[in-house]
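Structural overview
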Amino acid sequence: MPTYIVLLGPPGAGKGTQAKVLAEKFDLPHVSSGDIFRENMKNDTELGKQAQAYISKGELVPDDVTIEMIRERFSRSDCKNGAILDGFPRTPVQADALEQMLRGFGGRVNLVPYITAPVQVLIERLAGRWTCRANGHIFHEQFNPPEKNGICDLDQSELYQRDDDKAETVLHRIEVYQAQTAPLISYYKDRGVLAEINGFAPIEEVSADLMFALKY
Ligand code: AMP
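Chains are numbered independently. Their residues run from 1 in the order of the written sequence. Restriction of local features to residues with pLDDT of at least 70 applies here, the model being predicted, together with a cutoff of 80 or more for giving and counting side-chain atom pairs; totals for whole chains, interfaces and linings are based on all residues. Side-chain metrics in this entry use all non-hydrogen atoms of the structure; hydrogen atoms and water are not considered.

Here's the deal with the overall build of the protein
Labels follow the DSSP assignment, with helices taken as runs of H or I lasting at least four residues and strands as runs of E lasting at least two, numbered in each case from the N terminus. Tallying secondary structure elements over the protein gives nine helices and eight strands in all. For a compact globule of 216 residues, the expected C-alpha radius of gyration is about 17 Å, and the protein comes in at 16 Å, within 12% of that figure. For each residue, the accessible area found with a 1.4 Å probe, counting protein chains only, is set against the maximum for its type, and the residue is called buried under 20%, exposed over 50%, and partly exposed in between. Out of the 216 residues in the protein, the part that is buried amounts to 50%. Excluding contacts between residues fewer than 6 apart, the proportion of contacts in the protein whose partners are at least 24 apart in sequence is 71%. Residue-level accessible areas treat just the shown protein chains as cover; the underlying method is Shrake-Rupley with a 1.4 Å probe. When the accessible surface of the protein is summed, it comes to about 11000 Å², and 51% of that surface belongs to carbon and sulfur atoms. Only C-alpha atoms enter the radius of gyration, while the globule expectation follows 2.2 Å times N to the 0.38, with N the number of residues. Contacts were defined at the residue level, with two residues in contact if any of their heavy atoms lie within 4.5 Å.

Given below as structure tokens:
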């Protein structure tokens with residue numbers, strides 16, 4: 001049976017960081033909807049052009065576009081044993097679509113770690129975050145600085161600040177999360193798969209809590 005883990009939580013909670021840890025641990029692909037959009041924007045594809053306007057304003061890309069993108073991603077062979085989902089689903093419509101898609105593969109959402117942190121912490125994390133151009137590795141100017149300023153420790157590529165991590169957009173992304181994504185907390189709680197994880201702790205501690213929730 002394939003294993004699907006959905007990381008839920010507001011922007012800045014640490015979903016991307018923890019998704020990478022889980023992907024390695026379980027040898028499953030890390031499927032980040034935000035990364036796929038950014039890759040498409042970088043390559044100036046039709047999908048990238050469609051998504052750009054929404055992303056730069058901190059809005060959600062429409063459900064139909066996002067769902068099709070994930071459907072395409074899941075059709076690739078590396079997802080046959082499951083995936084670590086980061087940033088998808090973000091609305092109940094997307095969650096329903098996911099449920100249906102997984103049913104088609106004989107799978108289901110096995111666990112939803114819901115990572116939380118106080119709003120002030122989210123804002124500080126996002127506004128100080130630097131992302132690596134080549135592979136999306138994440139650093140923070142204060143909490144997790146790279147060894148060399150502006151250079152990724154892992155692949156030496158340039159670090160940049162995402163447009164939507166700029167202070168004026170960050171608050172709006174958190175509001176969008178509260179309005180459109182937070183309903184997924186009860187959606188998954190009702191299905192008995194939600195595991196609340198405190199994201200306001202050092203990275204290794206959050207990972208340890210996640211492993212515990214996953215019974216590892
Ligand atoms: P992230 O990297 O997960 O913070 O995503 C960056 C941006 O991509 C979000 O603020 C949205 O504009 C867009 N995005 C990512 N995932 C989704 C999704 N599941 N539904 C709609 N928009 C999304």
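Next comes the rest of the write-up.
Remarks on the pairing of strand E5 (residues 129-132)
Pairing between E5 and strand E6 (residues 138-140): three bridges, direction antiparallel. The residue bridging Trp130 from the neighbouring strand is Phe139, located in E6. Bridge count between E5 and strand E7 (residues 159-160): two bridges; the pairing is antiparallel. Bridge pairing in E7 links Thr131 to Tyr160. Being paired, for any two strands, means DSSP has found at least two bridges between them.

Here we look at the pairing of strand E4 (residues 109-116)
A large share of E4 lies buried, amounting to seven of its eight residues. The pairing of strand E1 (residues 3-7) with E4 spans two bridges and is parallel. In the sheet register, Tyr4 faces E4, and the bridge partner there is Val109. Here E4 runs beside strand E8 (residues 194-198); their pairing, made up of five bridges, is parallel. Bridged to Ile115 within E8 is Ile197.

Examining unusual backbone geometry
Between Phe88 and the following residue, Pro89, the backbone shows a cis peptide bond with an omega angle of 0 degrees. As for its placement among the helices and strands, Pro89 is situated in the loop between strand E3 (82-86) and helix H5 (92-104). Backbone geometry places Asp27, a non-glycine residue, at a positive phi of 55 degrees. Note that Asp27 resides in the loop between helix H1 (15-26) and strand E2 (30-32). Despite not being glycine, Asp44 shows a phi value in the positive range, around 55 degrees.

Some thoughts on the pattern of salt bridges
It is possible for side chains of opposite charge to pair when their charged atoms get near one another. Here, a salt bridge means any Lys or Arg side-chain nitrogen found within 4 Å of an Asp or Glu carboxyl oxygen. With the rule as written, the count across this model stands at 14 salt bridges. Among the ionic pairs, Arg71 bridges to Glu68, the shortest N-O distance being 3.1 Å. Of this pair, Arg71 and Glu68 both sit in helix H4 (residues 63-74), three residues apart, which is roughly one turn of that helix. In the salt-bridge network here, residues are joined through shared partners; they are Arg129, Arg162, Asp164, Asp165 and Arg173.

Examining the confidence of the model for the protein
Low pLDDT means the predicted coordinates in that region are not meant to be read closely. Residue-level confidence of the predictor is summarised by pLDDT, bounded by 0 at the bottom and 100 at the top. Overall, the prediction assigns the protein a mean pLDDT of 95, with 100% of residues at 70 or greater. Looking at the elements of the protein, mean pLDDT is at its lowest for E6, recorded as 92, and at its highest for helix H8 (residues 183-190), recorded as 98.

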